[in-house]
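This is what each chain is made of:
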Amino acid sequence: MKVKKYTALNMNEAMRQIRGELGDDAVILNSRQVETGGIFGLFRKKGVEVIAAIDPEIKKKPVKIERKPVPKTKAKPEPESGMANELSEIRQMVERLSKQQQADTDNISYPPELRSVVKTLDGQEVAPHITAVIMKQLLKKWYSGEREELDPETVSSWAADELTALLEGVNTGPFSYGKQLLCVVGPTGAGKTTTLAKIAAYTVLEEKKKAAFITTDTYRIAAVEQLKTYGDILNMPVEVAYSAEDFKQAKNRLKDYDVILVDSAGRNFRNAEYIEQLGGIIDFDEEMETHLVLPLTAKYRDMEKIITEFKTINPDKVIFTKSDETGSLGAAINIQYEYKIGSSYITTGQNVPDDILPASGEFFIKEILRS
Ligand SMILES: Nc1nc2c(ncn2[C@@H]2O[C@H](COP(=O)(O)OP(=O)(O)O)[C@@H](O)[C@H]2O)c(=O)[nH]1
Ligand SMILES: [Mg+2]
């Protein structure tokens, strides 16, 4: 890790110096206002002091959501004697049989007409206890209904009704422009900036609104550039906020805009201190909606951790990204049901502005039951 201190008249100048010397992957460790130059206290100018660093390793690492390798189960020591060998085989056979039996009893307890629903929900990774809630209702209908006429379409429509009931009261739907500011938060690489650019394009081109960006992602220099590129294409101003004061001033300068789209840095979502710092720059109690970006490619347990970490800033909705990279949407149902948080968008690829869909309960339900 190479660390260096830079002094310049303003942040832009400092960034130019840092980019020139350390490149786009440099990270900002600290920045503060200082007074520079002058003789005996006269002619002193205000400036900034920035400490930047570059990790030579960082270039080699692709920006990806961290996925832990699945821990391998320890290989059992080979049995020594023929007797032990036989015992081990029997044990394995019993294990296999009891697993099979469990799976069979799970499904056999349902009438054959309903079993396809369990299979579909399992395949989409809907949590087993949620599947159980749905199946309980389907069984009730089955017992009280005309069973002979039960075709797969009817069963599917029952399942759709139950999933709809499950998500009732969860406020799902895209940003309504009810507030001036929309802020995206979430882990690094989740798709915050790309998604914000897609929303920006829709806002400017379809909704014909006057929109601007503020980015607080000043951690990586390339991040500001990424947003500025979208700003240039869409003819939207981009303000960079390094502190709460900057953020307030930027917001003030943009007060005549219909919509201000706020980008933030991801860093490590496990770092509670970072989330606190983010709170120090952005006032989350503002006239602002906050949407938490969750990649559907992450493990469900990791999604839960992200939600817990970001709980302090109280996100209004979730944006599910990278649906194109996974075959299962069950996590979206699980999250919305468990945390009673609605979703606003689903992103379906890397292309800006096309690969985004407004979220709706019907969308998830249709996609899940279609599989
Ligand atoms: N496959 C796929 N990739 C996406 C999607 N959204 C974003 N990405 C990619 O994910 C990477 C990180 O995106 P970025 O917006 O920079 O993430 P940020 O760090 O959260 O701002 C980029 O390579 C994006 O092109 C999506 O819906 N599908
Ligand atoms: Mg970003």
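Everything numeric here is computed off the predicted structure, so don't read it as measured data. (Residues numbered from 1 in each chain as written. Chains lettered and ligands numbered in written order. Predicted model: local features only at pLDDT ≥ 70, side-chain atom pairs only at ≥ 80, totals over all residues.)

Caption draft 1: Up close: the overall build of the protein chain. On a plain count of helices and strands, the protein chain comes out with 12 helices and 11 strands. Scored against the burial criterion, the 371 residues of the protein chain give a buried share of 32%. (Helix = DSSP H or I, 4+ residues; strand = E, 2+ residues; numbered from the N terminus. Buried ≥ 20, exposed ≤ 12 C-beta atoms within 10 Å, placed from the backbone.)

Caption draft 2: Spotlight on the environment of Val27. As for its placement among the helices and strands, Val27 is situated in strand S2 (residues 27-36). When the 21 C-beta atoms within 10 Å are taken as the criterion, Val27 is described as buried. Taking the C-alpha atoms as reference points, Val27 and Ile221, 194 residues apart in sequence, are found 6.8 Å from one another. Here Val27 is in contact with Ala52, Ala53, Tyr219 and Arg220, once residues within four sequence places are set aside. (Contact = placed C-beta atoms within 7 Å.)

Caption draft 3: Here's a closer look at the sheet that holds strand S6 (residues 238-240). Across the sheet, which stays open at both edges, the 8 strands sit in the order S6-S5-S7-S4-S8-S9-S10-S11 with mixed pairing between neighbours. Each having just a single partner strand, S6 and strand S11 (356-358) make up the two edges of the open sheet. Along the sheet, successive strands turn relative to each other by an average axial angle of 25°, direction set aside. Looking at chain direction, strand S8 (residues 288-295) and strand S9 (residues 317-321) are connected through 5 bridges and run parallel. Its bridge partner lying in S9, Val293 is registered against Ile319. (Pairing = 2+ DSSP bridges. Axes fitted to C-alpha atoms, helices over the stretch in contact; angles between N-to-C directions.)

Caption draft 4: Up close: helix H12 (residues 361-370). Within the span of H12, buried status applies to Gly361, Phe364, Ile365 and Ile368. Each buried residue of H12 lies within a common arc of 95° when the element is viewed along its axis, so the set occupies one face. Elements that come into contact with the buried residues of H12 comprise helix H5 (152-166) and helix H11 (330-339). (Arc of directions from axis to C-beta.)

Caption draft 5: Main features of helix H10 (residues 300-309). Here H10 has its buried residues at Met303, Ile306 and Glu309. Relative to the axis of H10, the buried residues are bounded by an arc of 125° and lie together on one face. Away from its buried face, by an angle of more than 90 degrees, H10 presents the exposed residues Arg301 and Thr308.

Caption draft 6: Layout of unusual backbone geometry. Between Val352 and Pro353 the backbone carries a cis peptide bond, its omega angle lying at 5°. In this structure, Tyr177 is a non-glycine residue whose phi angle is positive, near 65°. By the element assignment, Tyr177 lies in the loop between H5 and strand S4 (181-185). Positive phi outside glycine occurs at Lys322, with the angle close to 60°. With respect to the helices and strands, the residue Lys322 is situated in the loop between S9 and H11. A count of 23 C-beta atoms within 10 Å places Lys322 in the buried class.

Caption draft 7: Summary view of the nonpolar core. Within the largest apolar cluster, 79 residues are counted, with the highest numbers of intra-cluster contacts made by Val117, Ala200, Phe213, Leu261, Leu294 and Ala332. Take this core: its biggest share by element is 5 residues, from helix H7 (residues 221-234). With sequence-adjacent residues up to four places away left out, Phe213 is seen in contact with Ala200, Leu227, Gly231, Met236, Val238, Leu261 and Asp263. (Core = buried A, V, L, I, M, F, W, Y, C linked by C-beta atoms within 7 Å.)

Caption draft 8: The packing of helix H4 (residues 128-144) against H5, seen in detail. Running from N to C, H4 and H5 point in directions that differ by 130°, and their axes come no closer than 10 Å. When the axis of H4 is compared with that of H5, the two are oblique. Here H4 runs over H5; the crossing is right-handed. For the pair H4 and H5, contact is made by Ile130, Val133, Ile134, Gln137, Leu138 and Lys141 and by Trp158, Ala159, Glu162, Leu163 and Leu166, respectively. (Parallel < 35°, antiparallel > 145°, perpendicular 65-115°, else oblique. Left-handed = near helix turned anticlockwise from the far one by under 90°.)

Caption draft 9: Here's a closer look at the site of ligand 1. Near ligand 1, the surroundings consist of 19 residues, among which Gly191, Lys192, Thr193, Thr194 and Thr347 are the closest. Split by residue class, the shell around ligand 1 holds 2 nonpolar, 12 polar and 5 charged. (Near = placed C-beta within 6 Å. Nonpolar A, V, L, I, M, F, W, Y, C, P; charged D, E, K, R; others polar.)

Caption draft 10: The arrangement of the confidence of the model for the protein chain in detail. Of the residues in the protein chain, 80% have a pLDDT of 70 or more, and the chain-wide mean is 83. Looking across the protein chain, the model is least confident in helix H2 (residues 82-108), with a mean pLDDT of 61, and most confident in S9, with 98. The low-confidence segment residues 60-68 (pLDDT under 50) makes 9 contacts with residues lying over four places distant or belonging to another chain. Contacts of residues 70-79 to residues separated by more than four positions or lying in other chains number 3 contacts, the stretch itself having pLDDT below 50. (pLDDT = per-residue confidence, 0-100.)

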